[in-house]
Structure formats: structure tokens, C-alpha cells
Amino acid sequence: MPDKKSILLIIGGGIAAYKCLELIRRLKEQNISVTPVLTNAGAEFVTPLSLATLAETQVHTDLFDLKNETEIGHIQLSRQADLVVVAPATADLMAKMANGLANDLASTLLLATDKDVLIAPAMNDLMWDHPATQRNIATLKKDGATFVGPDVGDMACGETGPGRLSEPAEIVEAIQTALHVKKDPLNSGPLSGKTVLITAGPTHEPIDPVRYIANRSSGKQGYALAEMAASLGANVTLISGPTKLSPPTGVRFIEVETAREMRDATLANLPADIAICAAAVADWRVKKSAGQKMKKSNDGLPIFDLAENPDILATLAGLKDQSELKDQRPRLLIGFAAETETVIEHATKKLKKKGCDWIVA
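Computed from a predicted model, the values in this text were never measured in an experiment.

J.: What should I look at first to understand the pattern of salt bridges in this one?
T.: Pairing is possible between side chains of opposite charge, provided their charged atoms come close. Scanning all chains against the criterion turns up 13 salt bridges. A single network of salt bridges, built from pairs that share partners, joins Glu 22, Arg 25, Arg 26 and Glu 29.

Encoded structure:
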């Protein structure tokens, strides 16, 4: 049996803290021990007794605990686990982390640790979207923290949007990935051993430093497909244009901007059993984007030449006709047709023209 892994679980204040009870139970099933750290706000939602009972260990709450601090207990706690997990991570707790504040046990542990940190955010959707929170998230990612979630859905406040704590099973999977431990083979799923390549989101084709050509795409469909494929046991690579979404857990994520970058990343990650081209790739790009903001010409319109972007779906389908690359063609190639009229007719033509296996219209 492999060595038992351990995590330090920091529980922030929020109604989602109740999910930590289920999280601890699931982690123990995976032979991962948990040392809980409960913030004062978190104690408003779950009790130290319930956490201690499930974790079968002491729950830490006080930075100035006389017994533990005689041996600098907060330093020991911050170093002895294999991974530090913050769930739920509130906007306040993430702000402390991003700015290096250490005025309670949780924030002090986070500042003193030399281990990787996994963050599972949970908050109101407006708090999540607030520029201050987004700045803090960017800082934390730059500092090396990884994130799981948040999910989009109904929240305790009655609103719907991004900010819902990821489900315990999803957090467990993220912890297993961070710890590099083998996942439960019983949950491998029907796509176990299969490789799935998915493109998602728009592409941005720069005109100049402030303007670009793009299609309207949130990326939600491609990200949802990637999340589902991973949950079914597939090894998933998600290649995404610019979106506001967090990459799904357990997915290899590659971020690109332009259609040519997306094509190159797609070809570089072949072969694949299944390729799903869900991205809304811009059909056109500027042949030569300007280094400075373009000014209006005499007739009021900036002048630039357009070039056609590569057709990624057709490129993948065409690999079967190239002897040296035929083995690179995905066994199942799926495209999308987003139309505003005569949907079936346009999609049928695209299916025949592109040479893919399926078209989702």
C-alpha cells in the first residue's frame, strides 16, 4: 500500500462549510488523512466536535493556543501536511492570502507553509466577479496556488451564478491530482484509457493592441464537455481561447488566443481517440496587425487586409488522406454548426464538406 498522504484543511466561513464534513469522509475513504483548521467564521456553520469526530484528530482554531504554541505549533502545522486545502475559501480569506496578512491561525498557516495550496472558493456571484476578488485570484495563481471551482448554480442567498463551492467528489479529485496519487479505479468510468481533445471558447484575432475580431462564445459548452469526459475517466486536453471560466478539475488545460495558435496546439496534442471541436473560431484575421492603435482614415474607417483563418475541423479530418499523418486522425471527430437559419441544411452541408464523423447543429 502506498504511503498515506495528509492534508491540512482550512475551513472558511460560509454556508458551504457544511460540505467539508462530506469532504473529510470521502478523503478518509481514499486513505488521505485530514487535519482540520477551523476559522472563527467557519465555526458559525460547523462545530469543532463534528469535524474532530469525522477526522479522528484534533481541530485547530486558535493562533494563541497555549499548549500548542509552546512548540510554535502553527509553524509545525503549516509544514507537516503534504498539501494545504482551503475549502470553502471566502473572498475575505483569499484577500488575506493574496496580500500576505496573518492575523489569525488560518492566514498565519497559509503564510508560513512551504507546501502547495489548493483553493476551493465559495461566495456570492457578485463577490466572485468583483474586480478586487479577481485581482486577488490572479495574484494567488501567480504565486502558485491552484483552484478547483467555483461551480455555477443556485446559492444559499437565492441568486444563481459562479460562486458555488465545488462538490466534495470534485474537490477530492483535485486533491488526488495535486498529491499525484492514483485515483480509485472503481471510478474510472466508461472512457477510461481514452484520450479526448476538446477545443472551446472564441479566438481573438488582433487588429491592433486594443481591437480584435472574434465570435461570440462563452466557452461554457466546451468546458462542460471537458468536465464530463474527465468524469467518465478520459484523459482530457482542453484547448481554449480567451474566456472567463475556470478550467475543469482533472483536465490538462492549454490557453491560446488566435486561431493559428489553437490549430498548432491541437495538432501538437495528437493522437487522440476523440476530438471535439466546440470552439467558435473566427473565420478571418488581419494579415498584419498594427503595433499601435489604428486611427480613422479620411473616410472614417480604418483600412486593413483580411486573410482566412485555418479550418481546424477540416484539418483534422484531412489527416486521413495524408499517408504519414493518417494515424493522427482522431477515431471520432465531432464538429459544431451554429446557425441562425435553415439549421439542418447548413449542418448537413458542413458535415459532408468538413469530412468529420458527427456534427452537432
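That was the structure; now back to the text.
J.: How do you make sense of unusual backbone geometry when you look at a structure like this?
T.: Backbone geometry follows two general trends: most residues other than glycine have a negative phi, and most peptide bonds adopt the trans configuration. The amide bond that connects Ala 87 to the next residue, Pro 88, takes the cis arrangement and shows omega of -5 degrees. Within the secondary structure layout, Pro 88 lies in strand β3 (residues 83–89). Note the cis peptide between Gly 149 and Pro 150, where omega equals 5 degrees. Positive phi, close to 60 degrees, is recorded for Glu 56, a residue that is not glycine. Relative to the helices and strands, Glu 56 is located in the loop between α2 (48–55) and α3 (66–69). Of note, the phi angle at Thr 342 is positive, near 40 degrees, even though the residue is not glycine.

J.: Is there a simple way to think about the sheet that holds strand β1 (residues 5–11) in this case?
T.: By definition, the strands of a sheet pair up through backbone hydrogen bonds, in either a parallel or an antiparallel sense. Taking strand neighbours across the sheet as the criterion, the five strands line up as β2-β1-β3-β4-β5 in an open arrangement whose pairing is parallel. Taken across any chain shown, the strands that pair with only one partner, and hence form the sheet edges, are β2 (32–38) and β5 (146–147). Of the strand pairs in this sheet, β1 and β3 are connected by four bridges, and their pairing is parallel. Residue pairing across strands places Leu 8 opposite Val 84, the latter belonging to β3.

J.: I tried to follow the pairing of β1 on my own but got confused; where do I start?
T.: Two faces belong to every sheet, and in a regular strand the side chains alternate between them. Buried residues dominate β1, accounting for six of its seven residues. The parallel pair β1 and β2 is bridged by helix α1 (residues 19–29), and the resulting crossover is right-handed.

J.: For this particular structure, what's the right way to read the packing of α1 against helix α9 (residues 168–179)?
T.: The axes of two packed helices give the description: the angle between them and the distance between them. Interaxial distance between α1 and α9 falls to 9 Å at its minimum, and their mutual angle equals 50 degrees. Taken together, the axis directions place α1 and α9 in an arrangement best described as oblique. Where α1 crosses over α9, the two elements pack in a sense that is right-handed. Within the contact between the two elements, α1 uses Lys 19, Glu 22, Leu 23, Arg 26 and Leu 27 and α9 uses Pro 168, Ala 169, Ile 171, Val 172 and Ile 175. Of the residues belonging to the contact of α1 with α9, the class tally is seven nonpolar, no polar and three charged.

J.: I keep staring at the sheet that holds strand β17 (residues 358–360) and nothing clicks. Help me out?
T.: Taken in spatial order, the six strands of this open sheet run β12-β11-β8-β13-β16-β17, and their pairing is parallel. This sheet does not close on itself; its edge strands, each paired only once, are β12 (252–255) and β17. Strand after strand, the sheet turns through a mean of 15 degrees between neighbouring axes, direction not considered. Relative to strand β11 (residues 235–240), strand β8 (residues 195–200) runs parallel, the two being bridged by six bridges. If you follow Thr 199 over to β11, its bridge partner there is Ile 239.

J.: Would you explain the pairing of strand β13 (residues 274–277) in this entry?
T.: Of the two faces of β13, both are covered, the one formed by Ile 274 and Ile 276 as well as the one formed by Ala 275 and Cys 277. Of the strand pairs in this sheet, β8 and β13 are connected by four bridges, and their pairing is parallel. Bridged to Thr 199 within β13 is Cys 277. Pairing of β13 with strand β16 (residues 332–336) involves four bridges; the strand directions are parallel.

J.: Would you mind showing me how to read a nonpolar patch on the surface here?
T.: A contiguous nonpolar surface patch, about 330 Å² in accessible area, is contributed by Ile 15, Tyr 18 and Phe 45. Within the secondary structure, Phe 45 sits in the loop between β2 and α2. Residue class for Phe 45 comes out partly exposed when judged on its relative accessible area of 42%.

J.: It is not clear to me how the state of the cysteines should be interpreted in this structure. Could you clarify?
T.: In protein structure, a disulfide is the covalent linkage between the sulfur atoms of two cysteines. Counted under the stated rule, the structure contains zero disulfides. Cys 277 carries a free sulfur, and the closest cysteine sulfur to it, the one in Cys 356, is 8.2 Å from it.

Calculation criteria
- Residues numbered from 1 in each chain as written.
- Predicted model: local features only at pLDDT ≥ 70, side-chain atom pairs only at ≥ 80, totals over all residues.
- Heavy atoms only, no water.
- Salt bridge = Lys/Arg side-chain N within 4 Å of Asp/Glu carboxyl O.
- Helix = DSSP H or I, 4+ residues; strand = E, 2+ residues; numbered from the N terminus.
- Pairing = 2+ DSSP bridges.
- Buried < 20%, exposed > 50% of the residue type's maximum accessible area, 1.4 Å probe, protein only.
- Right-handed = clockwise from strand over helix to strand, strands pointing away.
- Axes fitted to C-alpha atoms, helices over the stretch in contact; angles between N-to-C directions.
- Parallel < 35°, antiparallel > 145°, perpendicular 65-115°, else oblique.
- Left-handed = near helix turned anticlockwise from the far one by under 90°.
- Contact = heavy atoms within 4.5 Å.
- Nonpolar A, V, L, I, M, F, W, Y, C, P; charged D, E, K, R; others polar.
- Patch = residues over 30% accessible without salt bridge, like charges linked within 9 Å, V, L, I, M, F, W, Y side chains within 5 Å.
- Areas by Shrake-Rupley, 256 points an atom, 1.4 Å probe, with all protein chains shown as cover.
- Disulfide = S-S within 2.5 Å.

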